[in-house]
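These are the residues of each chain, in order.
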Amino acid sequence: MHLTLKLIGYPIKHSLSPWIHHTFIERSGIEGSYSLHEIPSEEVFEEEINKLREAKVNGFNITVPYKQTIIPYLDRMDVTAERVGAVNTVSLEGDKWVGYNTDGIGYVQALRDKFPDMDRNIDVSILILGAGGAARGIFHGLIQAGYNDLTLANRTKTKCEDIVKGYQASVITLEEAEENLAAYDVIIQTTSVGMNEAKQIVDLANLRKDTIVSDIVYQPLDTPFLNQAKEKGGRTHYGHLMLLYQAQKAFEIWTGQPIDVTGMDEEMIARIK
Ligand code: ATR
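- In the annotation of an unreviewed UniProt entry, the protein is listed under the name Shikimate dehydrogenase (NADP(+)) and assigned to Oceanobacillus locisalsi.
- Note on the protein: under the UniProt heading Sequence similarities (unreviewed entry), the record states "Belongs to the shikimate dehydrogenase family."
- Comment text from UniProt for the protein, heading Pathway (unreviewed entry), reads "Metabolic intermediate biosynthesis; chorismate biosynthesis; chorismate from D-erythrose 4-phosphate and phosphoenolpyruvate: step 4/7."

So this is what it looks like as structure tokens:
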């Protein structure tokens, strides 16, 4: 088997995904390649997608800004991608393109691998900050894994209401979240706030010691949010792990084989810093 894999998005030049997937390819013993296919604008999207179809690539990842743009080009979507309304992984199955979303399940796996107590206790109370695409993926990942005490907080509260529609979950404001931080066992920051800037979405003054605090931003790895969490005695979880584990889940879809990520966490940190 020779796997031809791609990443589509814009901008993607500095993506760590080729390194991650080449490491997987090497570890799996499968022959293959994973390369960038930059699509600079919506206007040329269809033309570029047709090239991938003609080339019969085995699969590809989709990142910003095309996770929804790809949907009309797919033959089928799995139930998670359907619920999230966005696709980050496409697999050629027979002659059909099937869309998946591995962001949420990848994220949950990343959390469980670092904090094994998360595995045993699905009753932990979890606060998700933000209500964009990443929050939606993580919300469904957590629901799918069985977590039953979820709260969403966002600057624009109606966006949270839209995400939780049909599910059992609470919605609060960012101010309420800030005040009641001690009520949560796990706090997940899903917005771009803190990316290359000294801002944080909420102040963590009221954080309880030993709370798991996760930030999906990984530029920088030490966001102001995670720095304050550390000062308050929180257990921190870094943003690059979501990238690593969504890739692991994608590779498993393409190959049908489990893949070991041992050691890659540390190597990614070295590459980001
Ligand atoms: P993505 O798809 O990457 O998650 P997005 O859909 O643009 O990104 O969502 C961005 C999220 O960051 C939203 O929750 C947004 O809050 P609003 O829904 O109120 O816009 C949040 N966000 C961005 N900048 C913010 C800021 N300065 N303060 C608070 N929240 C912010």
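1. Focus on the domain arrangement of the protein
No. 1: When its domains are assigned, the protein resolves into domain 1 (2-101 + 241-272) and domain 2 (105-238).
No. 2: The C-alpha-based centres of domain 1 and domain 2 are spaced at 25 Å.
No. 3: The partner domain 2 presents 16 residues to the 17 residues of domain 1 that form the contact.
No. 4: Contributing elements (two or more residues each) for the side of domain 1 that touches domain 2: helix 3 (79-84), helix 10 (240-255) and helix 11 (264-272).
No. 5: If you tally residues by element for the side of domain 1 that touches domain 2, the top one is helix 10, at eight residues.
No. 6: Split by residue class, the side of domain 1 that touches domain 2 holds nine nonpolar, five polar and three charged.

2. Section: the UniProt feature "domain: Quinate/shikimate 5-dehydrogenase/glutamyl-tRNA reductase" (unreviewed entry) in the protein
No. 1: As recorded in UniProt, the feature "domain: Quinate/shikimate 5-dehydrogenase/glutamyl-tRNA reductase" (unreviewed entry) lies at residues 123-192.
No. 2: End-to-end, the C-alpha atoms of residues 123-192 are 28 Å apart, and along that stretch the chain is 37% helix and 24% strand.

3. Considering the sheet that holds strand 12 (residues 235-237)
No. 1: The strand order 9-8-7-10-11-12 describes an open sheet built from six strands, whose pairing is parallel. At either end of the open sheet lies a strand with only one pairing partner, and these are strand 9 (170-172) and strand 12. Going from strand to strand, the sheet's axes swing by 20 degrees on average, the running direction of each strand aside.
No. 2: The pairing of strand 7 (residues 125-129) with strand 10 (residues 186-189) spans four bridges and is classified as parallel. Paired with isoleucine 126 across the two strands is valine 186, which belongs to strand 10.

4. Some remarks on the nonpolar core
No. 1: Ile126, Leu127, Ile128, Leu129, Leu152 and Leu244 are the most contacted members of the largest nonpolar core, which has 76 residues in total.
No. 2: With nine residues, the single largest contributor to this core is helix 10.
No. 3: Mapped onto the domain boundaries, this core takes at least three residues apiece from domain 1 (2-101 + 241-272) and domain 2 (105-238).
No. 4: Excluding anything up to four places from it in sequence, leucine 244 contacts Ile20, Ala110, Val261, Met264, Asp265 and Met268.

Reading guide: rules and limits
Counting from 1, residues in each chain are numbered in the order their sequence is written. In keeping with the predicted nature of the model, local features appear solely for residues at pLDDT of at least 70, side-chain atom pairs appear and are counted solely at 80 or more, and the whole-chain, interface and lining totals rest on all residues. UniProt positions are given in the numbering used here, feature names are shortened, and annotations may be inferred rather than shown by experiment. An automatic or database domain assignment is the source of the domain bounds shown. Residues are scored as being in contact if the C-beta atoms we place from backbone atoms lie within 7 Å. Strands here mean DSSP runs of E at least two residues long; helices mean DSSP runs of H or I at least four residues long; both are numbered from the N terminus. As a working rule, the residues Ala, Val, Leu, Ile, Met, Phe, Trp, Tyr, Cys and Pro are called nonpolar, Asp, Glu, Lys and Arg charged, and the rest polar, with Gly in that last group. Only strands joined by at least two bridges in the DSSP assignment are considered to pair. For helices, the axis comes from a line fit to the C-alpha atoms of the stretch in contact; other axes are also lines fit to C-alpha atoms, and the angle between any two N-to-C directions lies between 0 and 180 degrees. By convention the nonpolar core is taken to be a set of buried residues drawn from Ala, Val, Leu, Ile, Met, Phe, Trp, Tyr and Cys and joined through C-beta atoms within 7 Å. Residues with at least 20 other C-beta atoms within 10 Å of their own are called buried, those with 12 or fewer are called exposed, and the rest are partly exposed. The C-beta atoms themselves are positioned from the backbone.

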